[in-house]
Structure formats: structure tokens, C-alpha cells
Amino acid sequence: MRGLSEQEMRDDISARLAAALGPQARNQAAFDLRVWMAPEDGGYGDVIMDVAATDAEAVLREGFSRIRFAFSELSPSFPGYVEGAIIAGRAAARQVMGLLSQA
């Protein structure tokens, strides 16, 4: 879709929604387009800045002091999917609860 204009993307997505959900799906109240790979939209660019950083996931899973990170790519299962985000979120919540019980 990168080669399409914003309107072409809207039209294509609306057509796909209508094909999957019926013609009423073309009548969106709002349409918000985000290119998650674009840094200005908050997504990571999948760019490795330090190829020697082989322990990045372990460092992020460990957290820092009372700060914990949770996102799908840190999940031990289903990374990159919503299920992975849920699993990672639950693991981080357990860590935070453990920290709170020690305080």
C-alpha cells in the first residue's frame, strides 16, 4: 500500500471492509490512517541500531528499578500479535505486583 495515495488507501480498505462485513462497512464515522513503521507515528522502524546488542529483549524484560516494559515483541509466545501483547502485559503486571508486595 505504500505506493497508494491516502485516498486510494481509504478506498481500498473500505472495499475490503465491505467485502468482509457487508456494504454498511463503507460508511465509517471516521478514518484514521497510521503508518506504524513511521517513527512520527510512534512505531518502531525495525532498524537494528547496535547489531552487537544480543541481549536487548532480556534487558527490556528485566526492566529498570520499578519500571517494566510490556509489548508484544517481548512476549515468549505470539510475539507481534495482540495475544503476545496480552501475555507480555500480564507478565509485566506480575512483576509490578511482586515489586509492590516487597515495598
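About the cut-offs
Residues numbered from 1 in each chain as written. Predicted model: local features only at pLDDT ≥ 70, side-chain atom pairs only at ≥ 80, totals over all residues. Heavy atoms only, no water. Helix = DSSP H or I, 4+ residues; strand = E, 2+ residues; numbered from the N terminus. Buried < 20%, exposed > 50% of the residue type's maximum accessible area, 1.4 Å probe, protein only. Contact = heavy atoms within 4.5 Å. Areas by Shrake-Rupley, 256 points an atom, 1.4 Å probe, with all protein chains shown as cover. Salt bridge = Lys/Arg side-chain N within 4 Å of Asp/Glu carboxyl O. pLDDT = per-residue confidence, 0-100. Expected span 1.5 Å × (residues − 1). Arc of directions from axis to C-beta.

Visitor: Summarise the overall build of the protein; cite the residues concerned and give the values.
Guide: Broken down by element type, the protein carries three helices and zero strands. Counted from the first residue to the last, the protein has its helices and strands arranged as α-α-α. Across the 103 residues of the protein, 14% fall into the buried class. Excluding contacts between residues fewer than 6 apart, the proportion of contacts in the protein whose partners are at least 24 apart in sequence is 18%. Summed over its atoms, the accessible surface of the protein is roughly 8,300 Å², and 58% of this surface lies on carbon and sulfur atoms.

Visitor: I'd like to hear about the pattern of salt bridges, residue by residue, with values.
Guide: Taken as a whole, this structure holds two salt bridges when the rule is applied. Measuring nitrogen to oxygen at the nearest pair gives 2.7 Å for the salt bridge that ties Arg 10 to Glu 6. Of this pair, Arg 10 and Glu 6 both sit in helix α1 (residues 6-21), four residues apart, which is roughly one turn of the helix. Classification of Glu 6 as partly exposed rests on a relative accessible area of 42%. Asp 12 is the salt-bridge partner of Arg 16, the closest N and O atoms lying 2.7 Å from each other. Note that Arg 16 and Asp 12 are positioned in helix α1 at a spacing of four residues, about one turn of the helix.

Visitor: Kindly report on unusual backbone geometry, identifying the contributing residues and their values.
Guide: Here Phe 78, not a glycine, exhibits a phi torsion of approximately 55 degrees, which is positive. By secondary structure assignment, the location of Phe 78 is in the loop between α2 (56-62) and α3 (82-102).

Visitor: Describe in detail the confidence of the model for the protein, supporting the description with residues and values.
Guide: Averaged over every residue, the pLDDT of the protein is 81; the share at 70 or more is 82%. For the protein, per-element mean pLDDT is lowest for α2, which scores 80, and highest for α1, which scores 91.

Visitor: Outline α3, listing residues and values.
Guide: Here α3 is 21 residues long and its end C-alpha atoms lie 30 Å apart, about the 30 Å a rise of 1.5 Å per residue gives. Restricting attention to buried positions, one finds in α3 the residues Gly 84, Ala 88 and Ala 92. Summarising the axial view, the buried residues of α3 lie within an arc of 60 degrees, below the 170-degree limit, and thus occupy one face. Exposed and oriented more than 90 degrees from the buried face of α3 are Val 82, Arg 90, Arg 94, Met 97 and Ser 101.

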